[in-house]
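# Chain and residue survey
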Amino acid sequence: MSMVTDAKALRSAFSRFVTGVTVVTTRGVDGAPVGFTANSFTSVSLDPPLVLVCPGNHLSTFEVFRNASRFGISVLAEGQQHVSNLFASRREDRFSTCDWQPHATGVPLISGRAAGFVCDRFHALDAGDHAVLIGQVIDFDDACLPGLGYGPNGYFEQTQEREAQAPPVQSTRASVLLDDGRHLYLTADQDLPTASVPAGTSPLRALTARLEAAKIRFNLNVVYAIYDEGPHARRIVFRGQTKGPQPGLSKIPTQNLPELSIRDEALKALLTRFAQEHSTQNFGFYIGDAYDGDVLPASER
Ligand SMILES: Cc1cc2nc3c(=O)[nH]c(=O)nc-3n(C[C@H](O)[C@H](O)[C@H](O)COP(=O)(O)O)c2cc1C
């Protein structure tokens, strides 16, 4: 155990108890709004509804809060770090640089809060260098927003942490090189007929459904390439046979494919390889990403 006289170590140990962040507000004797950032907020009782907060005697407004007959507590929402910093700063103009509204009782409340409480003074006692201010809740609101968190490393947002831990969404597209022996069939924007593949669906089935819906006649056979188009995006390209004109597709002579001006570099490389292999009818299978990969023999000969 550490010596309790080591204030720095004690403060650090206290900070392991992660909290939300609030702004505690009231009106000074002149009626001007006053407020400070506090993470010492605690719910105390449901019946009667009681909460507490601990203003420190270092506060410029300590006496105002120590004696306040009514005060407000705004629980800050994720994204309101700037409001927390504002009300923890030495700035005098706190209320002119943030959005707030007076409650019907006149108590100021911070706009965009996750929840708000308006309290009548229930009890106040001095406890070392802080006071414990217990309030009876007379009105409250709840915006059901995630609250801003505060811990040993400063502010944190649960939503961000959850997103960081969530597995990345993998999106898959399935496409086809539709070939009639001498031509390849491309869409109007010079791409392969393509279907996006919903999670848990077979790429072949998704592509078949897309081609059938477009009334394109085809016969899908082998996989020609699988490559990553980005960190979480994959494209699977099949080869397929077709005959005659196909609705919505234009017919490009296979040997002309390398000359097409196609911006997608990976698709351009794929079409160039297809044209070369088509001339010898010796097709490979590409696996890699949009920039680098390997061409494997499609079958043992
Ligand atoms: C996250 C956070 C939590 C805080 N919690 C409290 C608290 O519970 N009680 C307190 O007296 N001061 C707390 N403070 C410090 C006051 O907000 C800060 O000292 C404020 O500037 C005091 O207002 P003043 O400038 O009017 O003295 C906290 C500061 C931060 C950043």
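Residues numbered from 1 in each chain as written. Predicted model: local features only at pLDDT ≥ 70, side-chain atom pairs only at ≥ 80, totals over all residues. Heavy atoms only, no water.

## A few points about the overall build of the chain
Of the regular secondary structure elements, the chain holds six helices and 20 strands. Against the 2.2 N^0.38 benchmark of 19 Å for 301 residues, the chain shows a C-alpha radius of gyration of 33 Å, more extended than a compact globule. With respect to the three principal axes, the spread of C-alpha positions in the chain is 90 × 50 × 35 Å. Relative to its full complement of 301 residues, the chain shows a buried share of 40%. Summarising the internal contacts of the chain: among those between residues at least 6 apart in sequence, 61% fall at separations of at least 24. In the form shown here, the chain has an accessible surface area of approximately 17,300 Å², with 54% of it arising from carbon and sulfur atoms. Across the chain, 27 positive and 32 negative side-chain charges occur, with their mean positions spaced 6 Å apart. (Helix = DSSP H or I, 4+ residues; strand = E, 2+ residues; numbered from the N terminus. Rg over C-alpha atoms; globule rule 2.2 N^0.38 Å. Buried < 20%, exposed > 50% of the residue type's maximum accessible area, 1.4 Å probe, protein only. Contact = heavy atoms within 4.5 Å. Areas by Shrake-Rupley, 256 points an atom, 1.4 Å probe, with all protein chains shown as cover. Lys, Arg positive; Asp, Glu negative; His and termini not counted. Charge placed at Lys NZ, Arg CZ, Asp CG, Glu CD.)

## Comments concerning the sheet that holds strand β10 (residues 130–142)
Strand order in this open sheet of seven strands is β3-β2-β6-β9-β10-β5-β4, and the pairing throughout is antiparallel. Each edge of the sheet is formed by a strand with only one pairing partner; in this case those strands are β3 (33–38) and β4 (42–45). Between one strand and the next, the sheet's axes are offset by a mean angle of 35°, whatever the strand orientation. Across six bridges, the pairing between strand β6 (residues 70–75) and strand β9 (residues 115–127) is antiparallel. Within β9, the residue paired with Arg 70 across the bridge is Asp 120. (Pairing = 2+ DSSP bridges. Axes fitted to C-alpha atoms, helices over the stretch in contact; angles between N-to-C directions.)

## A short note on the domain arrangement of the chain
Looking at the chain, the domain boundaries give domain 1 (18–165) and domain 2 (171–291). When each unit is reduced to the centre of its C-alpha atoms, the spacing between domain 1 and domain 2 is 59 Å. (Domains from an automatic or database assignment.)

## Section: the nonpolar core
Among the nonpolar cores identified, the biggest contains 21 residues, and Val 24, Phe 71, Ile 73, Phe 117 and Cys 119 are the most heavily contacted of them. Counting residues per element, this core draws most heavily on β9, at four residues. Sequence-distant contacts of Cys 119, defined by excluding residues within four places in its chain, comprise Val 51, Ser 69, Arg 70, Phe 71, Ile 73, Gly 135, Gln 136, Val 137 and Ile 138. Leu 184, Tyr 227, Ile 252 and Ile 262 belong to the second largest nonpolar core, which has 20 residues in total. (Core = buried A, V, L, I, M, F, W, Y, C linked by side-chain atoms within 4.5 Å.)

## Side note on the site of the ligand
Inspection of the region around the ligand gives 18 residues, with Thr 37, Ser 40, Gly 56, Ser 60 and Arg 94 positioned closest. One nitrogen or oxygen atom from the main chain of Ser 89 is found 3.3 Å from an oxygen atom belonging to the ligand. Within the side chain of Arg 94, one N or O atom sits 2.6 Å away from an oxygen atom of the ligand. Here the ligand loses 87% of its free accessible area of 640 Å² to cover by the protein chains. The biggest single contributor to the shell around the ligand is β3, with three residues. A class-by-class count of the residues in the shell around the ligand yields eight nonpolar, eight polar and two charged. (Near = heavy atom within 4 Å. Polar contact = N/O pair within 3.5 Å; in protein donor to acceptor, adjacent residues only side chain to side chain. Nonpolar A, V, L, I, M, F, W, Y, C, P; charged D, E, K, R; others polar.)

## Quick look at the pattern of salt bridges
Following the criterion strictly, the structure yields nine salt bridges and no others. Two residues, Arg 113 and Asp 141, come together in a salt bridge whose shortest N-O distance is 2.6 Å. Of this pair, Arg 113 sits in the loop between β8 (108–110) and β9 while Asp 141 sits in strand β10, and the two are 28 residues apart along the sequence. Salt bridges sharing partners connect three or more residues here, namely Arg 173, Asp 191, Glu 229 and Arg 235. (Salt bridge = Lys/Arg side-chain N within 4 Å of Asp/Glu carboxyl O.)

## Some remarks on the side chain of Thr 254
Position of Thr 254 among the secondary structure elements: in the loop between β18 (250–253) and α6 (265–280). Under the relative-accessibility criterion, Thr 254 is labelled buried at 5%. In contact with Thr 254, not counting residues within four places along its chain, are Arg 182, His 183, Leu 184, Phe 274, Ala 275 and His 278.

## Topic: the packing of aromatic side chains
The full count for this structure, using the stated rule, is ten aromatic pairs. Centroid distance Phe 95 to Trp 100: 5.4 Å. Interplanar angle 85°. Geometry classified as edge-to-face. Of the residues examined, Phe 95 reaches a relative accessible area of 11% and is grouped as buried. With centroids separated by 5.8 Å and ring planes inclined at 85°, the aromatic side chains of Tyr 224 and Phe 274 adopt a geometry described as edge-to-face. Of this pair, Tyr 224 sits in strand β16 (residues 219–230) while Phe 274 sits in helix α6; the two residues are 50 residues apart in sequence, bridging distant segments of the chain. Judged on exposure class, the residue Tyr 224 and its partner Phe 274 are both buried. Of the aromatic side chains, those joined through ring pairs into one cluster are Phe 41, Phe 117 and Phe 140. Positioned above the aromatic ring of Phe 283 is the side chain of Arg 239, whose terminal nitrogen or guanidinium carbon lies 3.7 Å from the ring centre. (Phe/Tyr/Trp six-rings, centres within 6.5 Å; stacked < 30°, edge-to-face > 60°. Lys NZ or Arg CZ within 6 Å of the ring centre and 35° of its normal.)

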